[in-house]
Amino acid sequence: MRYRPFGASGMAISALTLRLADSARLRANDWRALIFTALENGINSFQVEGDSPELLKGAGEAFASVERHLLFLTWRVRGDAATLGQQAVDSLLGSAFEGLGLSYLDLVLINDPLAPALPQVFDAGVRFLHESRAVRGLGIASRGDIDPRLLKSGLVTAVSSPFNLSSGWAERHRIRHASQHNFAVIGEDFWPQALRESAGVSAAPKPSLWRRRTDPLADFGGYDFLHTTPGWNAEEICLGYALTEPSLATVRVTADTRAEVERLAAVVERDLPTGVCAQIEMARFSAQEREKAAGRT
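Just so it is clear, the structure is predicted and the values come from calculations on it, not from any experiment.

Regarding the overall build of the protein
Phase 1: When helices and strands are tallied, the protein shows 13 helices and 10 strands.
Phase 2: Within the protein, the proportion of its 297 residues that are buried is 51%.
Phase 3: Long-range pairs, those at least 24 residues apart, make up 76% of the contacts in the protein between residues at least 6 apart in sequence.
Phase 4: Within the structure as shown, the protein displays about 14200 Å² of accessible surface, and the carbon and sulfur contribution to it stands at 53%.

A word on helix α12 (residues 258-267)
Phase 1: Among the residues making up α12, those that are buried are Val261, Leu264, Ala265 and Val267. The buried residues of α12 occupy an angular sector of 145° when the element is viewed end-on, so they sit on one face.

Considering the nonpolar core
Phase 1: Ranked by internal contacts, the top residues of the largest apolar core, which has 80 residues, are Leu18, Phe46, Phe63 and Ile110.
Phase 2: Among the elements that line this core, the one with the most residues is helix α11 (residues 234-242), at six residues.
Phase 3: Look past the residues within four positions of Phe63 in its chain and what remains in contact with it is Leu20, Ile35, Phe46, Val48, Leu71, Leu73 and Leu100.
Phase 4: Counting residues in hydrophobic clusters, the runner-up holds nine residues, among them Phe6, Met11, Ala158 and Ala184.

Comments concerning the confidence of the model for the protein
Phase 1: Summing up the model confidence of the protein, the mean pLDDT is 87 and the portion of residues at 70 or higher is 88%.
Phase 2: Counted against residues more than four places away or in other chains, residues 198-220, with its pLDDT under 50, gives 31 contacts.

Considering the environment of Ala158
Phase 1: Structurally, the position occupied by Ala158 is in strand β8 (residues 156-162).
Phase 2: When sequence neighbours within four positions are dropped, the list of residues in contact with Ala158 reads Phe6, Leu107, Leu138, Gly139, Ile140, Phe183 and Ala184.

A closer look at the packing of helix α1 (residues 28-40) against helix α2 (residues 53-64)
Phase 1: Packing of α1 against α2 brings their axes to within 7 Å, and their N-to-C directions diverge by 40°. One element, α1, and the other, α2, form an angle in the oblique class. When you trace α1 past α2, the crossing you get is right-handed. For the pair α1 and α2, contact is made by Ala28, Trp31, Arg32, Ile35 and Phe36 and by Glu54, Leu55, Lys57, Gly58, Ala59, Glu61, Ala62 and Phe63, respectively.

A look at the packing of helix α3 (residues 86-99) against helix α4 (residues 120-131)
Phase 1: Following both chains from N to C, one finds α3 and α4 inclined at 30°, their axes separated by 8 Å at the closest point. In terms of orientation, α3 lies roughly parallel with respect to α4. Listed contacts from α4 to Gln86, Ala88, Val89, Leu92 and Leu93 of α3 are Val121, Phe122, Gly125 and Leu129.

Overview of the sheet that holds strand β9 (residues 184-188)
Phase 1: Read once around its circumference, the closed barrel built from eight strands follows the order β3-β4-β5-β6-β7-β8-β9-β10, with strand pairing classed as parallel. Averaged over all adjacent pairs, the angle separating strand axes in this sheet is 25°, with direction ignored.
Phase 2: Note: strand β3 (residues 16-20) against strand β10 (residues 250-254), four bridges, orientation parallel. Bridge pairing links Leu18 to Val253 in β10.
Phase 3: Running over the sheet, helix α6 (residues 169-180) touches β8 and β9 and is turned about 160° from β8.

What to know about the side chain of Ser14
Phase 1: By the element assignment, Ser14 lies in strand β2 (residues 12-14).
Phase 2: Beyond its immediate chain neighbours, meaning those up to four positions away, Ser14 contacts Met1, Arg2, Tyr3, Gly42, Ile43, Asn44, Ser45, Ala249 and Thr250.

A look at unusual backbone geometry
Phase 1: For Leu114, which is not glycine, the phi torsion reads 55° and is therefore positive.
Phase 2: Relative to the elements of secondary structure, Leu114 occurs in the loop between β6 (107-111) and α4.
Phase 3: Although it is not a glycine, Arg133 sits at a positive phi angle of roughly 70°.
Phase 4: Looking at where Arg133 falls in the secondary structure, it is placed in the loop between α4 and β7 (138-141).
Phase 5: On the basis of relative accessibility, which here comes to 46%, the residue Arg133 falls in the partly exposed class.

Section: α4
Phase 1: With 12 residues, α4 extends 16 Å between its outermost C-alpha atoms, agreeing within 8% with the 16 Å of an ideal straight helix rising 1.5 Å per residue.
Phase 2: The complete set of buried residues in α4 reads Phe122, Asp123, Gly125, Val126 and Leu129. Buried residues of α4 fall within an arc of 165° about the axis and therefore sit on the same side. Those residues of α4 that are exposed and aimed more than 90 degrees away from the buried face are Gln120, Phe128 and Glu131.
Phase 3: Buried residues along α4 sit in contact with α3, β6 and β7.
Phase 4: Residue Arg133 follows α4 closely and has a positive phi angle near 70°.

Quick look at the pairing of β6
Every regular strand shows the same layout, with side chains that alternate between the two sheet faces.
Phase 1: With four of five residues buried, β6 is to be regarded as a mostly interior element.
Phase 2: Bridge count between strand β5 (residues 72-76) and β6: three bridges; the pairing is parallel. Residue pairing in the sheet places Thr74 in a bridge with Leu107 of β6.
Phase 3: The β-α-β motif built from β5, the intervening α3 and the parallel element β6 has right-handed crossover chirality.
Phase 4: For β6 and β7, the ladder comprises four bridges, and the chain directions are parallel. Among the inter-strand pairings, Val108 is bridged to a residue of β7, identified as Leu138.
Phase 5: Since β6 and β7 lie parallel, the crossover through α4 that links them has a hand, and here it is right-handed.

Calculation criteria
- Residues numbered from 1 in each chain as written.
- Predicted model: local features only at pLDDT ≥ 70, side-chain atom pairs only at ≥ 80, totals over all residues.
- Heavy atoms only, no water.
- Helix = DSSP H or I, 4+ residues; strand = E, 2+ residues; numbered from the N terminus.
- Buried < 20%, exposed > 50% of the residue type's maximum accessible area, 1.4 Å probe, protein only.
- Contact = heavy atoms within 4.5 Å.
- Areas by Shrake-Rupley, 256 points an atom, 1.4 Å probe, with all protein chains shown as cover.
- Arc of directions from axis to C-beta.
- Core = buried A, V, L, I, M, F, W, Y, C linked by side-chain atoms within 4.5 Å.
- pLDDT = per-residue confidence, 0-100.
- Axes fitted to C-alpha atoms, helices over the stretch in contact; angles between N-to-C directions.
- Parallel < 35°, antiparallel > 145°, perpendicular 65-115°, else oblique.
- Left-handed = near helix turned anticlockwise from the far one by under 90°.
- Pairing = 2+ DSSP bridges.
- Expected span 1.5 Å × (residues − 1).
- Right-handed = clockwise from strand over helix to strand, strands pointing away.

Have a look at this one:
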């Protein structure tokens, strides 16, 4: 496993962050085994976004077996960030601290409130936890530009943003701008739904013979290589590509089995096959040109 600095926090965390979300299939023993497998493969960063008793019990037991300073633990607060209040703070105190048996959280991650400031009650509660060192930082999950006034609040230390092989200029600029200003950047959605579906990964229909002769992009620009690259599957290529972005402190992954954790962790140590990055760039460029052409018609 490789490790990267988490913004200006002074801590190095694993290139992968394992997401732990409620699942009806997993019991406490399953969660414990999953986390132990992640730890054995060098993953020290975990994002908890559930509060089921089975998840909290299994995760709490696993985390208790490791020295706390060796872990980077994020608590994900779901829901509309514009209306966060005492209930969200109580959730932190009840589920994160009591349920998991933690003395502190490295990061609390919330949705972008789309405002220059956090809701007053939530802001006061998190500031109190921050001043008491129970919460070390606040992260904002956003698919757009975050209000600069919120980023200057003194609480925000991280930004969570989608990044994948189809990301355009806006997303790339957002994460690089955040990184340059010492915010840690968490990469989300490395394997977007559009590329998971067969219709989304197939190359565009072959154009007519006349168009092939006049369009230099006619024979490439599709994503067939996601399924035809020897020794790699589509998910692994997408993850490998996200890991090449130096602005990302870590990439969030989801896995329900120990075998999945091991497979995804192994991608960190692999280099993408020669030519794949070029194919990705051609696919992105071709897609942009097709969008422009569609807009002109």
